[in-house]
Amino acid sequence: MGEQTLKNIARPVRVYRVCLDTPTAPGTRDKVAMHHEPSDKPAIAVLPFNNMSGDPEQEYFSDGITEDIITDLSKVSGLLVTARNTAFTYKGKAVKVQQVAQELGVPFILEGSVRKAGARVRVTAQLISSENDAHVWADRYDRDLTDIFAIQDEITHAIVEQLKVKLLPQEKRSIAQAPTANVEAYTHYLRGRDFFHRRSKRYYQLARQMFAKAVELDPRYARAYAGIADCDSFLFLYYHEDVGIERILDTSAKALALDDRLAEAHASRGLALSLMHRPDEAMQEFKQAIALDPNSFEAHYLYARASFAQGDLERAAALFERAAEIKPDDYQSPCLLIQVYRSLGRDQDSKEAARKGVKLAERELTLHAEDPRPAHLGAAALIELGEGDRAREWMSRALAMDPDDPLTLYNIACGYTTLGDFDAAFDLLERSLPRAGPEIRQWIKHDSDFDPLREHPRYQKILELIG
């Protein structure tokens, strides 16, 4: 029920309503949010396959196999499949199948292992029912590495058969279609995807190199082109690398020309169109991406940012909320929801998003100490929670790491505004303008953090400069 002011207690107290007649599965609020809605369709979660190669460097390969099985199962309209990012929150954890199934609200769990040695690969997989912890199906595949796509295809068909789901002809063709005939290109693609999920400037650059090598080995590798477009999108959006919006458009167009059902390519194209002030076309691309992959974090997250830039706050809130559900360990969506909720008058939700954002941003700073983003986004969350001194420390840290980054300058300007230090906020906003992209210019117009500045002559001058 949120925080309430109680008699004789100085600080607000969180209050809960307990409904004893409607028990829910044990677990945190975040875990419950991952539940599948009730449906006649069978629901399944694919847990990260264990790397049995004896080499931690091969982790990318077992993770890649897991992702591709999730992708193939997600193409089956008769199945509900837990999103990749949600399933991967259990990676490396010793958990019981029944516990995971209860937390995710699924009756079936697929788990397995991968052992890659030279030109050979061994994949084991087992489908487990959460009702009685019984193995519904299990198999082992010892094959040449070149048969890896056939193995994934066989596992998918086995699951569909065991769960008595009917495959539509189009779904059957889509699952059977190998993304590339070149195993070396596929290996580079998986390495690239592993780097991409680590989310920092250096890792986006490394991921792009891997995807580019995959394209070099197979010029018709659609998903590798989509990977390049994704990396360029985030390098441009977060770090203002000079990749060029036209290049993102061209690369995503190449991917879609080879396979027009790639959600990630539609999402990257949507971002590029949005930054080129073509909002109607951008929204269509985002909608298409979500229709093709309802569990795409990138599609929901980028669509949310574009919606905020257009001033559509209700839609931005809904999309950021869904992005946070899909990727529970992501700090960005809850941090960005703070000002969206505040603009909508949802103050209690804003506080809740701030608590979650601080916790996740702290974790990200530990993993990527060189990245200023969690510091300056997390500072906004700290300010929302009334921790001004700590927020100033985080803002100083972010400025020290990247004093010229326009996104860092922008977000810290938001922080100083909220803390009442208007001159410092204007100084940073004015410093950010020469390198600020179209998105930041739009955000300046709609961000509620700047409401106290709007009547100031310096703010009016900034509006004149951005047009």
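Asks: Sorry if this is basic, but what is going on with the side chain of D447 here?
Replies: Structurally, D447 can be placed in the loop between α21 (438-446) and α22 (457-466). The charged side chain of D447 is buried without a salt bridge, its nearest counter-charge being R342 at 5.5 Å. From its side chain, D447 meets the backbone nitrogen of D449 in a polar contact 3.0 Å long. Filtering out sequence-adjacent residues up to four positions away, D447 remains in contact with F308, Q339, Y410, C414 and R454.

Asks: Would you mind going over the nonpolar core with me for this structure?
Replies: Nonpolar side chains tend to gather and get buried jointly when the protein is soluble and globular. With 142 residues, the main nonpolar core has L110, I155 and I444 as its most contacted residues. Per element, the largest residue contribution to this core is 12 residues, and it comes from helix α9 (residues 222-239). For I444, the residues in contact, after removing those within four places along its chain, are Y410, L429, L433, F450, R454, Y459, I462 and I466. Core analysis: the next-biggest nonpolar cluster, separate from the first, contains 11 residues, A43, A101, I109 and I128 among them.

Asks: How do you make sense of empty space enclosed by the protein when you look at a structure like this?
Replies: Under the criterion given, the structure shown has seven cavities of 30 Å³ or more. By volume, the largest cavity is sized at about 80 Å³. If you trace the largest cavity, you find it lined by L271, S274, L275, H277, R305, A306, A309, Q310, P438, E439 and Q442. When residues of the lining of the largest cavity are traced back to their parent elements, those giving at least two are α11 (263-275), α13 (297-309) and α21. Taken together, the residues of the lining of the largest cavity break down into five nonpolar, four polar and two charged. Estimated volume of the second largest cavity: approximately 70 Å³. F196, H197, R199, Y204, F234, Y238, F297, E298, K327 and Q332 together form the lining of the second largest cavity.

Asks: Please explain helix α7 (residues 183-196) as it appears in this structure.
Replies: Residues three or four positions apart in an α-helix share a direction because the helix packs 3.6 residues into each turn. Here α7 contains 14 residues, and its C-alpha end-to-end distance of 20 Å stays within 8% of the 20 Å for a straight helix at 1.5 Å per residue. Where burial is concerned, most of α7 is hidden: 12 out of the 14 residues are buried. Residues V183, A185, Y186, T187, H188, Y189, L190, G192, R193, D194, F195 and F196 constitute the buried set of α7. Turning to α7, the residues buried within the fold contact α2 (59-74), α5 (148-162), α8 (201-217), α9, α11 and α13. Two or three places before E184, at the start of α7, stands the capping residue N182, its side-chain oxygen 3.0 Å from that residue's backbone nitrogen.

Asks: Sorry if this is basic, but what is going on with the packing of helix α17 (residues 373-384) against helix α19 (residues 406-418) here?
Replies: The angle between the axes and the distance between the axes are what describe a pair of packed helices. Direction vectors running N to C along α17 and α19 enclose 15 degrees, while the axes themselves pass 9 Å from each other. The orientation of α17 relative to α19 falls into the category roughly parallel. When you trace α17 past α19, the crossing you get is left-handed. For the pair formed by α17 and α19, the contact residues are R373, H376, L377 and I383 on the first element and L407, T408, N411, I412, G415 and T418 on the second. Of the residues belonging to the contact of α17 with α19, the class tally is four nonpolar, five polar and one charged.

Asks: Would you explain the environment of R84 in this entry?
Replies: For R84, the location among the structural elements is in helix α3 (residues 84-87). Classification of R84 by relative accessible area gives buried; the value is 18%. Put simply, R84 and V46 are 38 residues apart on the chain and 8.0 Å apart in space, counted from C-alpha to C-alpha. Filtering out sequence-adjacent residues up to four positions away, R84 remains in contact with E67, I70 and H197.

Asks: Can you help me understand unusual backbone geometry in this one?
Replies: A negative phi holds for most residues other than glycine; trans holds for most peptide bonds. In this structure, K164 is a non-glycine residue whose phi angle is positive, near 55 degrees. Considering the arrangement of structural elements, one finds K164 in the loop between α5 and α6 (169-176). If you check the backbone angles, H277 has positive phi at about 60 degrees while not being a glycine. With respect to the helices, strands and loops of the structure, H277 is situated in the loop between α11 and α12 (279-292).

Asks: Help me understand the pairing of strand β6 (residues 108-117) in this model?
Replies: Remark: a regular strand shows side chains that alternate across the two faces of the sheet. Within β6, seven of the 10 residues are buried, which leaves the element mostly enclosed by the surrounding structure. Note: strand β3 (residues 43-46) against β6, three bridges, orientation parallel. Its bridge partner being in β6, V46 is matched across the sheet by L110. Note that strand β4 (residues 50-51) and β6 share two bridges and pair parallel. Bridged to N51 within β6 is V114.

Asks: Would you mind going over the state of the cysteines with me for this structure?
Replies: Disulfides are covalent bonds that link the sulfur atoms of two cysteine residues. All chains considered together, the criterion is met by zero disulfides. The thiol of C414 is not disulfide-bonded; the next cysteine sulfur, from C335, is found 12 Å away. A residue is classified by how much of its surface remains accessible, and C414, at 4% relative accessible area, is buried.

Asks: Is there a simple way to think about the environment of Q460 in this case?
Replies: The residue Q460 is located in helix α22 in this model. Assessed through its relative accessible area of 34%, Q460 is described here as partly exposed. Measuring from C-alpha to C-alpha, the distance between Q460 and A43 comes to 54 Å, with 417 residues separating the pair along the chain. Filtering out sequence-adjacent residues up to four positions away, Q460 remains in contact with R454 and E455. Engagement of the side chain of Q460 in a polar contact is seen with the backbone oxygen of R454, the distance being 2.5 Å.

Asks: Help me understand helix α20 (residues 422-432), please; the structure alone is not making it clear to me.
Replies: When α20 is considered as a whole, its buried residues turn out to be A424, A425, F426, L428, L429 and S432. Considering only its buried residues, α20 is in contact with α18 (388-401), α19, α21 and α22.

Quick notes on the rules
Residues numbered from 1 in each chain as written. Predicted model: local features only at pLDDT ≥ 70, side-chain atom pairs only at ≥ 80, totals over all residues. Heavy atoms only, no water. Helix = DSSP H or I, 4+ residues; strand = E, 2+ residues; numbered from the N terminus. Buried < 20%, exposed > 50% of the residue type's maximum accessible area, 1.4 Å probe, protein only. Lys, Arg positive; Asp, Glu negative; His and termini not counted. Salt bridge = Lys/Arg side-chain N within 4 Å of Asp/Glu carboxyl O. Polar contact = N/O pair within 3.5 Å; in protein donor to acceptor, adjacent residues only side chain to side chain. Contact = heavy atoms within 4.5 Å. Core = buried A, V, L, I, M, F, W, Y, C linked by side-chain atoms within 4.5 Å. 1 Å grid on protein atoms, 1.4 Å probe; cavity = no way out; pocket = protein on both sides within 12 Å on 5 of 7 lines; lining within 4 Å. Points joined across faces, edges and corners; volume = space filled by probe spheres on them. Nonpolar A, V, L, I, M, F, W, Y, C, P; charged D, E, K, R; others polar. Expected span 1.5 Å × (residues − 1). Axes fitted to C-alpha atoms, helices over the stretch in contact; angles between N-to-C directions. Parallel < 35°, antiparallel > 145°, perpendicular 65-115°, else oblique. Left-handed = near helix turned anticlockwise from the far one by under 90°. Pairing = 2+ DSSP bridges. Disulfide = S-S within 2.5 Å.

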